[in-house]
Amino acid sequence: MVSTKHILRVNDKRYEVVVDYEDTPLLYVLRNDLGLKGTRFGCGQGNCGACAVLIDGRAQRSCELPVWSVEGKSIMTIEGLGANDQLHPLQQAFVDFQAGQCGYCLSGIIMTAVELVEAGGEPSRPKIVEALERNLCRCGAHARIIGAIEAAWRKRKEGRRG
Amino acid sequence: MAERQLPWSIHENPSLDQWVDFSQHGVARVFSAKVELGQGIVTAVAQIAAEELRLPISQVVLISGDTRYCPNESYTVGSMSIEIGGMSVRMACAEARHAIAEQAAHLLQAEQARIAVDGGLVLLDGKPSGLDYWQVAAHVDWKRPVTGAIAFTPPQKYIGRSVPRLDLLSKLAGNGFIHDLEMPGMLHGRVLRPPSYGARLELLDRTRAEALPGLVSIWCSGDFVGVCCEREYQAVKALEALRAGARWLESETAQDNRSWKELLPSLRSIDSEAEVGARPASAAAPRRVSAAYSKPPLAHASMAPSCAIARFDEDRLTVWTHSQGVFPLRDALAVGLGLKRERIAVIHVQGAGVYGHNGADDAALDAALLARQVPGRPVRVQWMRDDEFAWSPLGSPMVVKMEGAIAPAGQIAEWTAEIWSGPHGRRPSRGAVNLLGASHIDPPIPFPEAYEMLGAFAGGARNSEPAYDLPHRRVVLHSLPGLPFRTSSLRTLGGYANVFATESFIDELALAAGADPVEFRVRHLSDPRARQVIETAARLSDWQADAERGTGRAKGIGFCRYKNTAAYVAVVTEIEVRTEPQVTRAWCAVDAGLAINPDGVINQIEGGIVQSISWTLKEEAGFDGCRVTTRNWDAYRILRFSEAPELTVELIQRPECPPLGVGEAAQGPAAAAVANAVARALDLRIRDLPITRERIIAATTA
């Protein structure tokens, strides 16, 4: 067993991390080595979506990605999306809709929705539902979550036009 | 003014200084043992405090669930956090406001009538007096009883307003959960659980684990094996190595293929019975109907695995937990660890949504057991996903047999509910430790046998007495202490199965009486608030009394007043049965009395409906006679975004009435609404949950 060094680009910052196991999932590195706690451990099996982050703009599950596999790629977590004083329109829409109860699933859902909304196109509920098909919410906030994403998407589109 | 009856929390914690503190300038610290589970309680209680203290909500610091500071209010359960916890805070804050005004009058040597308090300032004849709350508070003797005699301030700014959740922002932008805590020197622990109930550890080869990087300690006692490492993924790997090195002796329990309806009534039971009114002569109520319903064991299936952090400093223990009851957990930890409870501090930190007694308390003991091996260092234990599914207590399977008779005029004349259920209340306490790790260590503290008798605390009988006007009513509870897996509190306890059964049965009686289900319900309800929620839900959904049956698409209704004391809820769902039964829309009317936070109430009701639809259409925990078999999200399926219905919730505002709990109010009605819609859509009654495609096919071909 040899510890390995990896260079990561997360939220436009360069990090150097050392892990004991090459298969260490990105999730553990983000949370424990980089202190980015917004990405959640839900199942560690890629089934729930709580750990979704953007890899080169595409939503992927960080609990399933070995750290070596994301070297040289651009990684974005919820912290890179926006902070308390400067929320991303999606985060703001979740506040506006009070979309969430316990909130544990939300950062993964938002990161999954970013890919969809940033791609542009016509806001569409079926597309939102399709994008979230592999994300779970246990508290039953589904309707508000869909509503919030649709509103943010619409706003984004109007912003582009304007 | 007449004294109000004091809520239980005030009765147990009578001194004002247990509830409010002004020792930090500029803020009022308010203490409550009711904790945030994702239901919005922290926001609602802060609203109540801000209103009564006449302070901006930003100047209220709510400290919840901390044994070092908070009043002992036992658990956050039973949809009572607003009814009891919130009202206790309201009473205490009214008392505090009064105490400040009274002391201010004394300090200013003015008549009481000339004094007012508002926004942190003391006013004399409506003008600033130069005194603020904190200057006056320093002269108040806070060790005075909360009398309950002080009039509440008329709601102006916060009570009855949809204040946004105070905790949502941090959860959307980073930290916010117990899982996110970091402490200096913190170690990461994992626990190797047995493969099944009753499994014994025969052999543990630690060689592989001991050679791994970052290993700090392996602790083994009886059937409990735990490991601590410097880094989290090291602990995950060490756990895998220990698992590979462990040999377990599992008990041979033959797989039982009987259905719950066959199995539960065959088990040893402790019975209790209650009957009100006289059973009519058979000629007086000639139309008899009977039906039996069943509900499988359900998993909490929290989004996050249970997590806790513990640290021993000499003989003192501090535990951070997402338990629903920091005080009872402290009692149980004291017994489990052989420590004086005065030496234990238990601090609540938010976890993912909790729907009852899950693994939170067990994780706290796990962390404490491992932390004892490494004094001075905090140990964070996070369960693995399969442990969460396998070892969190399950909601009990239940069978409910209904029997009724209808008089010629179409009224229900006879009503019997016979219930078989495992225990629903096995939370940790001083008397019954009930912690998983304690049952595995040597010497073990096994789970005590648990059963329930009819009465206020019989979770299995919850809502078995419907709110309808019935001349005769009989309830029999067969409490089953010997289920082969661990059951405890899951949202509504027995209320979900009992309301599913009674409200399905009401529809079956209505069908026998040739009546419309909505009209039939209203006919049997003299409580106007009950009638109003039913009529409102029917109106919202454009209910058609003469809708055709058997078209594959239909609406169904369900109603209940949770516990017969909490909120009134009626739900209508529309079902489409194509390949899978799917709820396309749901309409709901709720009367929660005074809604402290109307949007919070609606959010809770929406969540309750959706979670119940998930239980009703999809969920069943698997048990093969030895092991829990549903150990991941593939095996334990819950409702997905594509299956979630559109929702319409109407809140009936009654600001003049006391607030009523809503957290568990919608689940029973939603389940019945789904079952009743399926019955109308297919002209076929499914009485066993979950209502899956397979169940429908089996019933069609039977």
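Fair warning: this is a prediction, and the values are worked out from it, not measured in the lab.

**Let's talk about helix α17 (residues 667–682) of chain B**
Turning to step 1, where the next piece is worked out: With 16 residues, α17 of chain B should reach 22 Å at 1.5 Å per residue; the first-to-last C-alpha distance of 23 Å fits that figure.
Turning to step 2, where the next piece is worked out: With its phi angle positive at about 55°, D683 of chain B sits one or two positions after the end of α17 of chain B.

**Comments concerning the packing of aromatic side chains**
Working definition: an aromatic ring pair is given by the centre-to-centre distance plus the angle between the planes.
Turning to step 1, where the next piece is worked out: Counting across every chain of the model gives 20 aromatic pairs over all chains.
Turning to step 2, where the next piece is worked out: Ring geometry for F22 of chain B against W134 of chain B: centres 6.1 Å apart, planes inclined by 65°, an arrangement best described as edge-to-face. Here F22 of chain B is found in the loop between β1 (20–21) and β2 (28–32), whereas its partner W134 of chain B is found in helix α4 (residues 133–137), with 112 residues between them in sequence. Taken individually, F22 of chain B and W134 of chain B each receive the classification buried, so the pair is uniform in this respect.
Turning to step 3, where the next piece is worked out: Taking the centre distance of 5.7 Å and the plane angle of 80° together, the rings of Y293 of chain B and F500 of chain B count as edge-to-face. Of this pair, Y293 of chain B sits in strand β13 (residues 287–295) while F500 of chain B sits in helix α13 (residues 495–513), and the two are 207 residues apart along the sequence.
Turning to step 4, where the next piece is worked out: According to the relative accessible area criterion, F500 of chain B is buried, its value standing at 1%.
Turning to step 5, where the next piece is worked out: Between the NZ or CZ atom of R40 of chain A and the centre of the ring of Y104 of chain A, over which it lies, the distance is 5.9 Å.
Turning to step 6, where the next piece is worked out: Here the basic side chain of R29 of chain B rests over the ring of Y69 of chain B, its NZ or CZ set 5.9 Å away from the ring centre.

**Thoughts on the domain arrangement of chain A**
All names here are of chain A.
Turning to step 1, where the next piece is worked out: Parsing chain A into structural domains produces domain 1 (4–80) and domain 2 (89–161).
Turning to step 2, where the next piece is worked out: Spacing between the C-alpha centres of domain 1 and domain 2 amounts to 22 Å.
Turning to step 3, where the next piece is worked out: With 20 residues of domain 1 in contact, the opposing surface of domain 2 contributes 12 residues.
Turning to step 4, where the next piece is worked out: For the pair domain 1 and domain 2, the two sides together bury roughly 1300 Å², of which 52% comes from carbon and sulfur.
Turning to step 5, where the next piece is worked out: Broken down residue by residue, the surface that domain 1 buries against domain 2 is led by R40, R61 and I78, which jointly contribute 36%.
Turning to step 6, where the next piece is worked out: Counting across the domain 1 and domain 2 interface gives one salt bridge.
Turning to step 7, where the next piece is worked out: R58 is the salt-bridge partner of E115, the closest N and O atoms lying 3.3 Å from each other.
Turning to step 8, where the next piece is worked out: Taken together, the connections running from domain 1 to domain 2 amount to nine residue pairs in polar contact (both at pLDDT 80 or more).
Turning to step 9, where the next piece is worked out: Those elements that provide at least two residues to the side of domain 1 that touches domain 2 are β3 (52–55) and β4 (58–61).

**Description of the pairing of strand β5 (residues 121–124) of chain B**
All names here are of chain B.
Turning to step 1, where the next piece is worked out: Both strand β4 (residues 115–118) and β5 contribute to a ladder of four bridges, which runs antiparallel. Counted as the bridge partner of D118 is L121 from β5.
Turning to step 2, where the next piece is worked out: Hairpin connection from β4 to β5: two residues lie between these consecutive antiparallel strands, with G119 at a positive phi of about 60°.
Turning to step 3, where the next piece is worked out: Relative to strand β6 (residues 127–132), β5 runs antiparallel, the two sharing three bridges. For L124, the partnering residue across the bridge sits in β6 and is K127.

**What to know about the interface of chain A and chain B**
Turning to step 1, where the next piece is worked out: Facing the 57 residues of chain A at the interface are 59 residues of chain B.
Turning to step 2, where the next piece is worked out: Carbon and sulfur atoms make up 55% of the area that chain A and chain B hide from each other, which totals about 5100 Å².
Turning to step 3, where the next piece is worked out: A per-residue breakdown of the area chain A buries against chain B is headed by Q101, Y104 and R138 of chain A, which together make up 17% of the total.
Turning to step 4, where the next piece is worked out: For the pair chain A and chain B, the interface holds nine salt bridges.
Turning to step 5, where the next piece is worked out: Where chain A packs against chain B, one counts 29 residue pairs in polar contact (both at pLDDT 80 or more).

**Digging into the packing of helix α16 (residues 598–618) of chain B against α17 of chain B**
How two helices pack is summed up by the angle between their axes together with the distance between the axes.
Residues and elements named next belong to chain B.
Turning to step 1, where the next piece is worked out: Their axes nearest at 8 Å, the elements α16 and α17 cross at an angle of 50°. Between α16 and α17, the angle falls in the class oblique. For the pair α16 and α17, the crossing hand works out as right-handed. Contact residues: G608, I609, Q611, S612, I613, W615, T616 and L617 in α16; Q667, A670, A671 and V674 in α17.
Turning to step 2, where the next piece is worked out: Per-class residue counts for the contact of α16 with α17 are seven nonpolar, five polar and no charged.

**With respect to the pattern of salt bridges**
Residue and element names in this part refer to chain B.
Turning to step 1, where the next piece is worked out: Using the criterion set out here, one finds 59 salt bridges over all chains in the structure.
Turning to step 2, where the next piece is worked out: Salt-bridge contacts for R68 lead to D66; the nearest nitrogen and oxygen are separated by 2.8 Å.
Turning to step 3, where the next piece is worked out: Of the charged contacts, one joins E232 and R380 as a salt bridge, the two residues approaching to 3.0 Å between their closest N and O atoms. Placement of the pair is E232 in helix α7 (residues 232–245) and R380 in strand β17 (residues 379–382), with a sequence separation of 148 residues. The pair E232 / R380 is uniform in exposure class, with both members buried.
Turning to step 4, where the next piece is worked out: Residues participating in the shared-partner salt-bridge network are E36, R165, D167 and K171.

**Some thoughts on the environment of Y197 of chain B**
All names here are of chain B.
Turning to step 1, where the next piece is worked out: Here Y197 is to be found in the loop between β7 (187–192) and β8 (200–204).
Turning to step 2, where the next piece is worked out: In the structure, Y197 is positioned 82 residues away from R279 in sequence and 45 Å away in space, judged by C-alpha atoms.
Turning to step 3, where the next piece is worked out: The residues contacting Y197, other than those within four sequence positions of it, are S251, A390, W391, P484, F485, R486, F623, C626 and V628.
Turning to step 4, where the next piece is worked out: Of the polar contacts made by the side chain of Y197, one reaches the backbone nitrogen of R486; its length is 3.1 Å.

**Some points on the sheet that holds β1 of chain B**
Residues and elements named next belong to chain B.
Turning to step 1, where the next piece is worked out: The three strands lie next to each other as β1-β2-β3, forming an open sheet whose pairing is mixed. Strands at the two margins of the open sheet, each flanked by one partner only, are β1 and β3 (60–64).
Turning to step 2, where the next piece is worked out: Where helix α2 (residues 41–53) meets the sheet, it contacts β2 and β3, and its direction lies at approximately 135° from that of β3.
Turning to step 3, where the next piece is worked out: Strands in contact with helix α3 (residues 81–108) are β1 and β2; relative to β2, the strand with the most contacts, it is inclined by about 150°.

**Some points on the confidence of the model for chain B**
Turning to step 1, where the next piece is worked out: Confidence in the prediction of chain B, expressed as mean pLDDT, is 95, and 99% of residues score 70 or more.
Turning to step 2, where the next piece is worked out: On the interface metric, ipTM, the complex scores 0.97, and its pTM is 0.97.

**A few points about the nonpolar core**
Nonpolar side chains tend toward joint burial in soluble globular proteins.
Turning to step 1, where the next piece is worked out: Counting 198 residues, the largest nonpolar core has F94, I145 and I149 of chain A together with I605 and I609 of chain B as its most contacted members.
Turning to step 2, where the next piece is worked out: Examining the composition of this core, we find that nine residues originate from one element, α13 of chain B, more than from any other.
Turning to step 3, where the next piece is worked out: Taken together, domain 1 (4–80) and domain 2 (89–161) of chain A each give at least three residues to this core, which thus spans both.
Turning to step 4, where the next piece is worked out: Setting aside its immediate chain neighbours within four residues, I149 of chain A contacts L90, F94, I109, A113, V117, I128 and L132 of chain A.
Turning to step 5, where the next piece is worked out: L55, A96, A101 and A105 of chain B belong to the second largest nonpolar core, which has 49 residues in total.

**A few points about the pairing of β3 of chain A**
Residue and element names in this part refer to chain A.
Turning to step 1, where the next piece is worked out: Burial along β3 is two-sided: A52 and L54 and V53 and I55, pointing in opposite directions, are all buried.
Turning to step 2, where the next piece is worked out: Bridge count for β3 against β4 is four bridges, and the pairing is antiparallel. Residue pairing for β4: L54 is matched across the bridge by A59.
Turning to step 3, where the next piece is worked out: As consecutive antiparallel partners, β3 and β4 are separated by two residues, and within that stretch D56 has a phi angle of approximately 50°, a positive value.
Turning to step 4, where the next piece is worked out: The sheet contact formed by β3 and strand β5 (residues 74–76) spans two bridges and is antiparallel. For L54, the partnering residue across the bridge sits in β5 and is M76.

Criteria and thresholds
- Residues numbered from 1 in each chain as written.
- Chains lettered and ligands numbered in written order.
- Predicted model: local features only at pLDDT ≥ 70, side-chain atom pairs only at ≥ 80, totals over all residues.
- Heavy atoms only, no water.
- Helix = DSSP H or I, 4+ residues; strand = E, 2+ residues; numbered from the N terminus.
- Expected span 1.5 Å × (residues − 1).
- Phe/Tyr/Trp six-rings, centres within 6.5 Å; stacked < 30°, edge-to-face > 60°.
- Buried < 20%, exposed > 50% of the residue type's maximum accessible area, 1.4 Å probe, protein only.
- Lys NZ or Arg CZ within 6 Å of the ring centre and 35° of its normal.
- Domains from an automatic or database assignment.
- Contact = heavy atoms within 4.5 Å.
- Buried area = accessible area lost by both parts, 1.4 Å probe.
- Salt bridge = Lys/Arg side-chain N within 4 Å of Asp/Glu carboxyl O.
- Polar contact = N/O pair within 3.5 Å; in protein donor to acceptor, adjacent residues only side chain to side chain.
- Pairing = 2+ DSSP bridges.
- Axes fitted to C-alpha atoms, helices over the stretch in contact; angles between N-to-C directions.
- Parallel < 35°, antiparallel > 145°, perpendicular 65-115°, else oblique.
- Left-handed = near helix turned anticlockwise from the far one by under 90°.
- Nonpolar A, V, L, I, M, F, W, Y, C, P; charged D, E, K, R; others polar.
- pLDDT = per-residue confidence, 0-100.
- Core = buried A, V, L, I, M, F, W, Y, C linked by side-chain atoms within 4.5 Å.

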